[in-house]
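Structure assessment
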Amino acid sequence: MTVDGSWQRAARGAGLLGDDGSIAPTIFAEMSALAVQTGAINLGQGFPDEDGPAAVLDAAVAAIRGGGNQYPPGIGIPDLRLAVAEHQQRFYGLAVDPDREVLITAGATEALAATLLALLEPGDEVVTFEPFYDAYGALIALAGGVHRTVPLRLPGFQPDLDELRSAVTDRTRVILVNTPHNPTGTVLSTDVLQAVVELAERHDAYIVTDEVYEHLTFGPRHVPIATLEDARERTITISSGGKTFNTTGWKIGWVTAPTDLITAILTVKQFLTYVNGAPFQPAIATGLRLGDEYFAGIAAELGRKKDLLSSGLASAGFDVFASDGTYFVVADAAPLGYDDAVTFCRELPLLAGVVAVPLSAFCTGAYAASTASLVRFAYCKRVEVLERAAAQLAVLGRTS
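Residues numbered from 1 in each chain as written. Predicted model: local features only at pLDDT ≥ 70, side-chain atom pairs only at ≥ 80, totals over all residues. Heavy atoms only, no water.

1. Observations concerning the overall build of the protein
When helices and strands are counted, the protein shows 14 helices and 14 strands. Against the 2.2 N^0.38 benchmark of 21 Å for 400 residues, the protein shows a C-alpha radius of gyration of 21 Å, consistent with a compact globule. Oriented by its inertia axes, the alpha-carbon framework of the protein measures out at about 60 × 50 × 50 Å. Across the 400 residues of the protein, 56% fall into the buried class. Taking the contacts inside the protein whose residues are at least 6 apart along the sequence as the reference set, 74% of them involve residues at least 24 apart. Working note: accessible area of the protein is about 16,200 Å², and carbon and sulfur atoms make up 52% of it. (Helix = DSSP H or I, 4+ residues; strand = E, 2+ residues; numbered from the N terminus. Rg over C-alpha atoms; globule rule 2.2 N^0.38 Å. Buried < 20%, exposed > 50% of the residue type's maximum accessible area, 1.4 Å probe, protein only. Contact = heavy atoms within 4.5 Å. Areas by Shrake-Rupley, 256 points an atom, 1.4 Å probe, with all protein chains shown as cover.)

Right, here's the structure in full:
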């Protein structure tokens, strides 16, 4: 029996199907396996190697011991919804109704999936910037959408506004914006965000924003699109606690949006996970209420780690691009004699005992070719790990 359905569309959209129809391993799985096989330092995957704040961890333990282990409400526990609303008001001046405009999800990925499944009809177009988080292509395909991309141009990884205007048409149902941006580390300019709002209004499109790195910026301040004039009523804002509180395995995310959109997204979400993370929801509520010093501190600490790794990469002979946020920095391996980052990343564990991923893993054909020598490194690791990685990478500069 041959099975051909939406899962195959999604797999093709993410480049996961081989020519024979088998599931092909992703470059991320390949690089992580290489790290294990060789004992190399894994700077490929974006997860921290340190736990989050004690108050957040203790709150989860207390919730488990206090009996918070059964199904929570489908929309999320009231206190976490209230904490999300308080967070939006506190940091961005956005007044959000916790009972009607907030939905708790199984991380940002489920939030994106439920949103796209709720909003798209087959053939609807979704515009994203490129490179893009790899789940976007698969989720758009799963929802029956058509994926259009707008390249982020070097050296600053900002889009050309004329190219953006050409990509958004009356066929566009959703403009999906990720800022701070994975994998490039850029923070999209206010001019770009304003152009997105204007285009969405002109073509009657929704704006979906992925803001999971909202508190991890160094320099340019994160500006939620929902704060811009005329944006609020058509914007679905998505974030999560994983990156902010070093709890990526808990998978607690949220959506804030007008009531009718929350209702539509919840209608889909109830048939995905239904609910999730009962004892972790009160813990993330605790995290969202931590003092300003915590949020300033995590950005400052991560900024120092970014500077440490970026300096090590530059000393090793890479051309290093500025990272204004997220966990990631992009570097060019061409000065080291490598025009193909895929080959370079496969050899890097043996050359220097470090694992990274090629930027092409986040790209489609044309853009992948134009950035073929670029590599993404993750700096969300302990300082001593980054220092060791920088020292090991230095061998590349001595052999190039």
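Okay, back to it.
2. A short note on the packing of aromatic side chains
Applying the stated criterion across every chain, the model contains 16 aromatic pairs. Here W250 and F280 contribute two aromatic rings whose centre-to-centre distance is 4.5 Å and whose plane-to-plane angle is 15°, an arrangement assigned as stacked. Note that W250 is positioned in the loop between β8 (235-240) and β9 (253-256) and F280 in helix α10 (residues 280-288), a separation of 30 residues in sequence. Taking the relative accessible area as the measure of exposure, W250 reaches 17% and is therefore buried. Centre to centre, the rings of Y338 and F344 are 4.8 Å apart; their planes meet at 65°, and the pair counts as edge-to-face. Using a relative accessible area of 0% as the deciding quantity, one classes F344 as buried. Each residue in the set F91, Y92, F245, Y294 and F295 is aromatic and connected to the rest through ring pairs, giving one cluster. Seen from the ring of F328, R376 lies directly overhead, with NZ or CZ sitting 3.7 Å from the centre. One Lys or Arg, K381, reaches over the ring of F47 and ends 3.7 Å from the middle of that ring. (Phe/Tyr/Trp six-rings, centres within 6.5 Å; stacked < 30°, edge-to-face > 60°. Lys NZ or Arg CZ within 6 Å of the ring centre and 35° of its normal.)

3. Describing the environment of R382
By secondary structure assignment, the location of R382 is in the loop between β14 (374-378) and α14 (383-399). As for R382 and E50, which are separated by 332 residues in sequence, their C-alpha atoms are 7.0 Å apart. Residues within four places of R382 in sequence aside, it is in contact with D49, E50 and K305.

4. Some words on a nonpolar patch on the surface
A cluster of nonpolar residues, L117, L142 and L272, forms a patch on the protein surface that exposes about 210 Å² of accessible area. Counting through the fold element by element, L272 comes out in the loop between α9 (259-269) and α10. (Patch = residues over 30% accessible without salt bridge, like charges linked within 9 Å, V, L, I, M, F, W, Y side chains within 5 Å. Salt bridge = Lys/Arg side-chain N within 4 Å of Asp/Glu carboxyl O.)

5. What to know about the nonpolar core
Note on soluble globular proteins: their nonpolar side chains tend to be buried together. If you look at the biggest cluster of nonpolar residues, it comprises 128 residues, and the most contacted ones within it are F318 and F377. Not counting chain neighbours up to four residues away, the residues in contact with F377 comprise L43, L309, L313, F318, Y327, F328, V329, A331, L348, V354 and A356. (Core = buried A, V, L, I, M, F, W, Y, C linked by side-chain atoms within 4.5 Å.)

6. Describing the pattern of salt bridges
Summed over the entire model, instances satisfying the criterion amount to 18 salt bridges. Ionic pairing is found between D49 and R382, a salt bridge with its closest N-O pair at 3.2 Å. Linking D49 in the loop between β1 (41-42) and α3 (54-65) with R382 in the loop between β14 and α14, this pair joins segments that are 333 residues apart in sequence. Notably, a salt bridge pairs K269 with E110, separated by 3.1 Å at the nearest N-O pair. On the criterion of sequence distance, the pair formed by K269 in helix α9 and E110 in helix α5 (residues 107-119) is long-range, its members being 159 residues apart. For E110, a relative accessible area of 7% corresponds to the buried category. Among the ionic contacts, a cluster of salt bridges with common partners joins D49, R382 and E384.

7. Topic: the packing of α5 against α9
Two numbers describe how α5 lies on α9: the axes approach to 8 Å, and their chain directions differ by 105°. By the criterion of interaxial angle, the relationship of α5 to α9 is roughly perpendicular. Taken together, the residues of α9 that come into contact with α5 (itself represented by E110, A114, T115, L117, A118 and L119) are L261, A264, I265, V268 and K269. (Axes fitted to C-alpha atoms, helices over the stretch in contact; angles between N-to-C directions. Parallel < 35°, antiparallel > 145°, perpendicular 65-115°, else oblique.)

8. Examining unusual backbone geometry
Geometrically, the link from L154 to P155 is a cis peptide bond, its omega value of 10° lying close to zero. Along the chain, P155 turns up in the loop between β4 (146-153) and β5 (158-159). Following N182, the chain continues into P183 via a peptide bond in cis, with omega recorded as 20°. For P183, the location among the structural elements is in the loop between β6 (172-178) and α8 (190-203). At D204, a position not held by glycine, the phi torsion is positive, near 55°. Relative to the helices and strands, D204 is located in the loop between α8 and β7 (206-210). Positive phi values are uncommon outside glycine, yet K251 reaches one of about 55°. Tracing the backbone through its elements, the reader meets K251 in the loop between β8 and β9.

Function cannot be read off these values alone, since they describe shape.
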